[in-house]
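# Survey of secondary and tertiary structure
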Amino acid sequence: MSNNYKELYKKSVDLGEQQKLRQQQLLYEQKKRRQQQQDVHRAMPDSDEGDDAEAQEKPEGQSNTQRKQSRQRNRASSSNSNKSSRKTPHLRLQQSEWLRHRPENLCDWLLLPCPVGKRCLVIASNGRTKVYNKAGRMTMQLRTLLPGDGYVQKFKTVLDCVYVSQLETFYVLDALSFGQQQLLDCDANFRFFWLRSRFDEHGELSQCSKRNEKPFKLLEYYDFEDASAVEQALQRYPQWEDNKPELDGLLFYHKEASYTCGTTPLVCWLFAYMLPDVLNLPVHSGYEAPEDYLPSSALDFMDDFDKKLVELRQQHKKPGKVVTEEPAKEPAAAGSAAMEQEPDDELEEFAELRNLLDRERRLELGELDMDCSPASSAVGGSC
């Protein structure tokens, strides 16, 4: 029996080392990509070289009008090429991994308490705000004061949120874009700063009104460089007043990480009761661990937790099979905002969001009229 435990322990340690290597590699790739983008926008042609090239390419006998038309065609071609390179990528929610090791420098990370609820992507554009679940299916349509809906409608806002149905409130985790500012390739430090400044400017977003049908509340984050602030957050119980909403777990964002559509090792997850064992950080005694959790086997608990998730998902997939287990016994497995995963037909269900993004692109290019709108398949109410 002891040998089996040793093997499991070694396996978990190996996974932790692999995660550390993947974090380093991904950070390097993201930094390199941001540097390349900066170099592209920074590059300016030498005027002398441009004149020489134009003189060499100018055909003999070509009139000034013909040369002017040729230059205009070249500019249009270059503009279309730049637009295609900046085309919005396939948008998906960013998913976290278990934090399997203590980072070498915790000061490189941010802490974000996450409430119990449903992860969703909120998109405000063309005077509408639509909510999509993790599979890309539209679940709600409403009026908001987000840029793209209530404010300047030619902009677009895409927020990564947790929707708490009991409180009818969206809690904002992150952002892919906010108005004019594209945030997809910005690091987490800047994204969180930008969100805080925008929400401070637009306090009406956190209030329910006729033009803002559901409130949006920005979740507080804590920098590990400020040890006292992190300690106060971990010793606070409940995390929010009257325990509304309830705390699901803790997200850890690397400060230099870009937003990744999909699973990334640069955003990690732990339940509050796991911090003393994984990070050696004390938490309030109110965050009680389940009976099957052993402090000395936190890594094994992660593996067992994932296996239970897979088994639970397979049971729900089997047609006609009744799950006899009490739902309350699997709160984290069924409702965790960071660890929840979708069925195998996720790509098919995500087609609706892809069609929406494609239509918005065609509207921008003038291929569609503004009054041509596809049939809505919203589950929630429509405006």
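This write-up is about the structure you can find in this document. Worth saying up front: this structure is predicted, and the values here are computed from it rather than measured.

In this section: helix α5 (residues 227-234). When we look at burial in α5, the residues that qualify are Ala229, Val230, Ala233 and Leu234. Projected down its long axis, α5 carries its buried residues within an arc of 130°, all on one side. Exposed residues on α5 whose side chains face more than 90 degrees from its buried face are Ala227, Glu231 and Gln232. Tucked inside the fold, the buried residues of α5 contact β2 (109-115), β10 (222-223), β11 (247-254) and α6 (275-278).

What follows deals with the environment of Val131. For Val131, the location among the structural elements is in strand β4 (residues 128-132). Residues Val131 and Leu142, 11 residues apart in the sequence, show an inter-C-alpha distance of 8.4 Å. When near neighbours in sequence (up to four residues on either side) are disregarded, Val131 contacts Cys120, Leu121, Val122, Arg137, Met138, Thr139, Met140, Leu142 and Phe170.

What follows deals with the environment of Tyr171. Structurally, Tyr171 can be placed in strand β7 (residues 169-178). Judged by relative accessible area, which is 6%, Tyr171 ranks as buried. Separated by 11 residues in the primary sequence, Tyr171 and Asp160 place their C-alpha atoms 8.7 Å from one another.

Our next topic: the pattern of salt bridges. Inspection of the entire model under this criterion finds 13 salt bridges. A salt bridge links Arg100 to Asp303; the nearest nitrogen and oxygen atoms lie 2.7 Å apart. Of this pair, Arg100 sits in the loop between β1 (94-98) and β2 while Asp303 is found in helix α7 (residues 298-317), placing the two residues 203 residues apart along the sequence. Considered together, Arg100 and Asp303 belong to a single accessibility category, that of buried residues.

This part takes up the nonpolar core. Counting 47 residues, the largest nonpolar core has Phe252, Tyr253, Leu270 and Met274 as the members making the most contacts within it. With 6 residues, α7 is the single largest residue contributor to this core. If we ignore the near neighbours within four places in the chain, the residues touching Met274 are Trp98, Tyr293, Ala298, Phe301 and Met302. Among the nonpolar cores identified, the runner-up in size contains 22 residues, and Leu146, Leu159, Cys161 and Leu205 belong to it.

Each value, and the rule that gives it
Residues numbered from 1 in each chain as written. Predicted model: local features only at pLDDT ≥ 70, side-chain atom pairs only at ≥ 80, totals over all residues. Heavy atoms only, no water. Buried < 20%, exposed > 50% of the residue type's maximum accessible area, 1.4 Å probe, protein only. Helix = DSSP H or I, 4+ residues; strand = E, 2+ residues; numbered from the N terminus. Arc of directions from axis to C-beta. Contact = heavy atoms within 4.5 Å. Salt bridge = Lys/Arg side-chain N within 4 Å of Asp/Glu carboxyl O. Core = buried A, V, L, I, M, F, W, Y, C linked by side-chain atoms within 4.5 Å.

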